[in-house]
Amino acid sequence: MLSSRYLAIFFCCTLFWLLPFTGYADDLATEVIDAEITLQKDHYVLAADIAYQLSKKATIALQSGVPLYWSLQIKLLQQHPYLWDKTVLKTDIHYRLQYQALLNVYRLQNLSSGETYNFSTLYAALDLMSEIQDFPLIEKSKISPEEDYLCALKVKFDRGLLPVPLRSIAYIDKQWYLSSDWTLWPLKK
Amino acid sequence: MAFEKVKLPFSLFTLILFGLILLSLQLMSSATQESSELSALYSWLLLINGLGSVVLLSLVGVNIYTLIQHTKKREAGSRLTRRMVSLFVVLALAPAVIVFYFSMQFLHQGIDSWFNVEIDRALEDALELSQSSLDQRMRWHLKQTQQLTEKLQDSSENRVALDMENLRELSGATEMTLFSRQGRIIASSSINLGDILPSLPDKNIWLQLRQNGEYVAVAPAHEEKLMVRAIAKVDTQEPQYLQALYPVPVRVYDLADSVEFAFVRYKEMKFLRHSLKITFTLALSLVLLMSLLAAIWVAFISIRNIIAPVKQLVKGTQAVASGHYDEPLPVIAQDDLGFLVESFNEMMNRIAMARDETRIAGFEVENQRAYLETILANLTAGVISFDASYNIRTANQAAYRIFHIHVNHFIGRQLLDLINDRSELAEPLKSIQRLLEQAEDIWQQRIAFLGPNGRQELLCRGTPLYSQEGLRVGGVVVFDDVTDLIQAQKNAAWGEVARRLAHEIKNPLTPIQLSAERLQHKLADKLEPADAEILQRSTRTIVHQVEAMKEMVDDFSEYAKPSKKETVDIDLSQLVKEILALYTLKSGVKFKTDYEAGVLTVNGDPISLRQVLHNLIKNALEAIDSEGLIEISLHRVQKNNTNFIELALYDNGTGIKEDQIETIFEPYVTTKTKGTGLGLAIVKKIIEDHGGAIWVDTSRKVGAGFIIQLPACHSEPL
């Protein structure tokens, strides 16, 4: 006969099995090396240097024709000492990277701007994504000089857009934990 | 015919939940298809189904826990529920697991069968063929461009644009551009006149150009077309580069695209093969798990509903077993079990009615029995009943009063067991036992024995008891104490004798005495001295005898007349003291008295009671020697809820012979040489006239002892 003790153990095991792996694999994750927002004329613009990394499985998947998606998430938060921070700006840059077997090139699409680039090497494609230069964010007039602002940048590897069979595995396999953490820095006015 | 409402064994909520589970599973199944619009929701659906499984698992877990607790407490229906659930789980699980196993086998084999070496090779070859075709085209276009550069070598700067236009039209290029070494556009020609800016080579192309002096590549163009970009060096003084963009024919592009699509798709599928298996396995496992959990949960609910009437029946039977018939079970459903519950209720109702009737009958019987027992208990006649083995079954109070034995204590034992306590009852009881066993009909016998209060005479009537089948089931003996009756008859007879004697004999005595004295008086002087002496002696004898006869007649008269003439309250101790004071002067005799403290009062005639004491003391004095001892004690006793004053008188004289004890109180019974023998008879008569009793204390072994009990006065405290 099952006792209540065995039942408790059974429930605990079930919950443990269902718990998602919340930790990121630091060696595989994308890293924001440098990022700054500067004022150019009337606009604040973003410049960032990002080190994209691909795990072995992600590389094989890419070379097998699986398209990979990243989104560069940019936020500008107005800080309040006692309340939640107010999101002044929230914008994303979406990238799609796919290998073209016929021409043996890596095709990188900036889905936000609609631009397409072809690269003969993977590193060339990643290099393009790595460098963000003079990306206009917000007009100067919308930034109050009295308030403090916080800039946040994150590279999110979009597992939800992987092929369905890969998706469920991607949520539990560290090889697919390719997103970066949030990088935060104060806005220099 | 009325339509009966069909009641499902589970609620609407359960049905809705079950429907949601099915919908969720269906959505997840659809989402596994890449082309489905639901594929974007796949992860959410997977999570929802996972949570659904956890919820179902919790529900099943709670049900199992509850069932275990109920089983431990041995609640009604818990074991049946456990058995049914186990059976259901086994029945549901076994085929599901078998189907699951073979489905997995087929799935894995099916996925594996999609891929084989031949297709792999064929697709790679097809891709290579496409690439070779494009490569050949590229090289041809490069060569064509190189040839065009030769034609442009001689063109002056003014004519370059025009020559390029011609060359472009001749070569079939869509766009032709001449760049300086620094990348400046010298001239450009496009098939589309609207194109202001020509397609510029990027820095990688320039790098290759500077290294190799030429460049050719197929690059995607607008509108999902391919174009060949060929760049060749123009040998002029200032090196220049001619870029020509040649369109790939649509057919070639379509074919190449088709091949690439198939190749990429195949390769992707091959890469995803393992993931696909895992995904399908996960989906199938989730479907199986949720279906099984939902089925088990619904089974729990259904079985609980099915068991509910059984549980009620068990509780009902337990209630009936403990004697509660008053709460009918609710009829939940109009099915077989409902019919069973109805039948059970009817049975319970009938049992309750039968019980009530039995209880009423029992009350009546009990009342009857109590009534009869009361009558029996209050009967003056003793009644003892016997069972078939002649063991005592019942005995009433009167039996105790008559035998002075607690016959009730001998229930279940033989009648002869009473002898152990009272040996004097041996003969009469043996006689009764014999009659009980032998008599076939009503019998009657008079028996006598010496009881603690003297001789007792009983009139016994017995009857054997028969069952309806004619079997002997026991007997009943009824006995009356007729001692007093017989004594009364005797007393009446003696009284009549005494009265007649007094009347018939006393009347002639006076004339006889007078006549004898007259004879003496008349003839004494006339006779000779010798004759006169004879006469005197004779007349004296006559006178003396007449006197004696007179005394005797007086005694009889005394015996015959009522002794309780004038009653007053008498302090018995005082009376005894007064009388003893008359006798204490007699030398040699010692009196020892023992009076209980307090006033010992009786209601009676003081003269008669004095006579009683005189008679008894006289008898005692006559019986003892000159150095004798007479003990007198006075005590209160209680007998049959009545207070008595007991006077005991003992002497250490010659005592009474055993054969005389039974008749000592009858007239003309005496141990003395003189006297009429009426002394004790008169004593007994006086005492009985006063409602008391006198008997010889047979337990006294020295001398004689008399015990008198007189009813205490009502005012006498005890």
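Residues numbered from 1 in each chain as written. Chains lettered and ligands numbered in written order. Predicted model: local features only at pLDDT ≥ 70, side-chain atom pairs only at ≥ 80, totals over all residues.

### So, the overall build of chain B
Then, number 1: A count of helices and strands for chain B gives 18 helices and 17 strands.
Then, number 2: For chain B, contacts bridging at least 24 residues in sequence account for 60% of all contacts bridging at least 6. (Helix = DSSP H or I, 4+ residues; strand = E, 2+ residues; numbered from the N terminus. Contact = placed C-beta atoms within 7 Å.)

### Quick notes on helix H12 (residues 483-504) of chain B
All names here are of chain B.
Then, number 1: Under the 1.5 Å per step criterion, the end-to-end length of H12 is 31 Å for 22 residues, consistent within 8% with the ideal 32 Å.
Then, number 2: Residues of H12 that are buried include every one of Asn-491, Ala-498 and Ala-502, and no others. Along the axis of H12, the buried residues cluster in a sector spanning 35°; they form a single face. For H12, exposure combined with an orientation more than 90 degrees from the buried face picks out Leu-485, Gln-489, Ala-492, Ala-493, Glu-496, Arg-500, His-503 and Glu-504.
Then, number 3: Residues of H12 that are buried make contact with helix H13 (506-523), helix H14 (529-560) and helix H18 (679-689). (Expected span 1.5 Å × (residues − 1). Buried ≥ 20, exposed ≤ 12 C-beta atoms within 10 Å, placed from the backbone. Arc of directions from axis to C-beta.)

### Considering the interface of chain A and chain B
Then, number 1: Contact with chain A, which involves 25 residues of that partner, is made by 34 residues of chain B.
Then, number 2: At the level of secondary structure, the elements contributing two or more residues to the side of chain A that touches chain B comprise helix H1 (4-18), helix H2 (56-63) and helix H4 (164-170) of chain A.
Then, number 3: At six residues, H4(A) tops the list of elements feeding residues into the side of chain A that touches chain B.

### Quick look at the sheet that holds strand S17 (residues 705-711) of chain B
Where strands meet in a sheet, backbone hydrogen bonds hold them as pairs that are either parallel or antiparallel.
Residue and element names in this part refer to chain B.
Then, number 1: Across the sheet, which stays open at both edges, the five strands sit in the order S12-S14-S15-S17-S16 with mixed pairing between neighbours. Strands with a single pairing partner mark the edges of an open sheet, and in this sheet they are strand S12 (590-595) and strand S16 (693-696). Along the sheet, successive strands turn relative to each other by an average axial angle of 15°, direction set aside.
Then, number 2: Direction of pairing for S16 relative to S17: antiparallel, over a ladder of four bridges. Looking at S17, one finds that Trp-695 is bridged to Ile-707.
Then, number 3: Packing of helix H15 (residues 572-583) onto the sheet brings it into contact with S12, strand S14 (629-639) and strand S15 (642-651), and relative to S14 it is tilted by some 170°. (Pairing = 2+ DSSP bridges. Axes fitted to C-alpha atoms, helices over the stretch in contact; angles between N-to-C directions.)

### A word on the confidence of the model for chain B
All names here are of chain B.
Then, number 1: This prediction gives chain B a mean pLDDT of 82; 93% of its residues lie at or above 70.
Then, number 2: Between residues 1-6, whose pLDDT stays under 50, and residues either more than four places distant or in other chains, the model counts one contact.
Then, number 3: Our summary of model confidence lists the complex with pTM equal to 0.54 and ipTM equal to 0.73. (pLDDT = per-residue confidence, 0-100.)

### Section: the packing of helix H1 (residues 12-31) of chain B against helix H8 (residues 273-321) of chain B
A pair of packed helices can be characterised by two numbers: the angle between their axes and the separation between those axes.
Residues and elements named next belong to chain B.
Then, number 1: Where H1 meets H8, the axes come as close as 10 Å, and the angle between the chain directions of the two elements is 175°. Between H1 and H8, the angle is such that the two are roughly antiparallel. Facing H1, whose interface residues are Thr-14, Phe-18, Ile-21, Leu-25, Met-28 and Ser-29, H8 presents Ala-283, Val-287, Met-290, Ala-294, Val-298 and Ile-301.
Then, number 2: Class assignment for the residues of the contact of H1 with H8 results in 10 nonpolar, two polar and no charged. (Parallel < 35°, antiparallel > 145°, perpendicular 65-115°, else oblique. Nonpolar A, V, L, I, M, F, W, Y, C, P; charged D, E, K, R; others polar.)

### Some thoughts on unusual backbone geometry
Then, number 1: In this structure, A:Asp134 takes a positive phi of about 50° despite not being glycine.
Then, number 2: Considering the arrangement of structural elements, one finds A:Asp134 in strand S7 (residues 131-139).

### Some remarks on the sheet that holds strand S3 (residues 68-78) of chain A
Residues and elements named next belong to chain A.
Then, number 1: Strand order in the open sheet formed by six strands is S6-S5-S4-S3-S8-S9, with antiparallel pairing between adjacent strands. Only two strands of the sheet have a single neighbouring strand rather than two, namely strand S6 (115-119) and strand S9 (183-186). Strand-to-strand, the axes of this sheet are offset by a mean angle of 15°, without reference to chain direction.
Then, number 2: Alignment of strand S5 (residues 105-110) against S6, held across five bridges, turns out to be antiparallel.

### Focus on the environment of B:Pro220
Then, number 1: Tracing the chain through its elements places B:Pro220 in strand S3 (residues 214-221).
Then, number 2: By the C-beta count within 10 Å, which is 17 here, B:Pro220 ends up partly exposed.
Then, number 3: Taking the C-alpha atoms as reference, B:Pro220 lies 9.9 Å from B:Val248; in sequence the two are 28 residues apart.
Then, number 4: With near-sequence residues (within four places) excluded, B:Pro220 lies in contact with A:Asn118 and B:Leu226.

### Side note on the confidence of the model for chain A
All names here are of chain A.
Then, number 1: Predicted confidence across chain A gives a mean pLDDT of 83, with 86% of residues reaching 70 or more.
Then, number 2: Element-level mean pLDDT values for chain A span from 57 in H1 up to 92 in S3.
Then, number 3: The model gives residues 19-25 a pLDDT under 50, and that stretch makes eight contacts with residues more than four places away or in other chains.

### Considerations on the environment of B:Glu268
Then, number 1: Structurally, B:Glu268 can be placed in helix H7 (residues 250-271).
Then, number 2: We classify B:Glu268 as partly exposed; it has 19 C-beta atoms within 10 Å.
Then, number 3: B:Glu268 has contacts with A:Ser64, A:Gly65 and A:Val66, leaving out every residue within four places of it along the chain.

### A closer look at H7(B)
Then, number 1: The terminal C-alpha atoms of H7(B) lie 30 Å apart, and with 22 residues this matches the ideal 32 Å at 1.5 Å per residue to within 8%.
Then, number 2: Of all the residues in H7(B), the buried ones are B:Tyr253, B:Ala256, B:Val259, B:Glu260, B:Phe263, B:Val264, B:Tyr266, B:Lys267 and B:Phe271.

### Details of the pairing of strand S7 (residues 392-395) of chain B
Two faces belong to every sheet, and in a regular strand the side chains alternate between them.
All names here are of chain B.
Then, number 1: The pairing of strand S6 (residues 382-386) with S7 spans three bridges and is classified as antiparallel. Across the sheet, Ile-384 pairs through a bridge with Ala-395, a residue of S7.
Then, number 2: Joining the antiparallel neighbours S6 and S7 is a turn of five residues, in which Tyr-390 adopts a positive phi near 65°.

### Here we look at the packing of helix H16 (residues 606-623) of chain B against H18(B)
All names here are of chain B.
Then, number 1: Orientation of H16 relative to H18, taken along the N-to-C sense of each, is 145°, at an axis distance of 9 Å. Judged by the twist between their axes, the crossing of H16 over H18 is left-handed. Contacts between H16 and H18 involve Ser-608, Gln-611, Val-612, Asn-615, Leu-616 and Asn-619 from the former and Gly-679, Leu-680, Ile-682, Val-683, Ile-686 and Ile-687 from the latter.
Then, number 2: Class assignment for the residues of the contact of H16 with H18 results in seven nonpolar, five polar and no charged. (Left-handed = near helix turned anticlockwise from the far one by under 90°.)

### Quick look at the nonpolar core
All names here are of chain B.
Then, number 1: Ala-230, Leu-242 and Ala-244 are the most contacted members of the largest nonpolar core, which totals 77 residues.
Then, number 2: Excluding residues that lie within four positions of it along the chain, Ala-244 makes contacts with Thr-145, Leu-148, Ser-171, Ala-173, Met-176 and Ala-230.
Then, number 3: Leu-600, Ile-624, Leu-647 and Ile-682 belong to the second largest nonpolar core, which has 45 residues in total. (Core = buried A, V, L, I, M, F, W, Y, C linked by C-beta atoms within 7 Å.)

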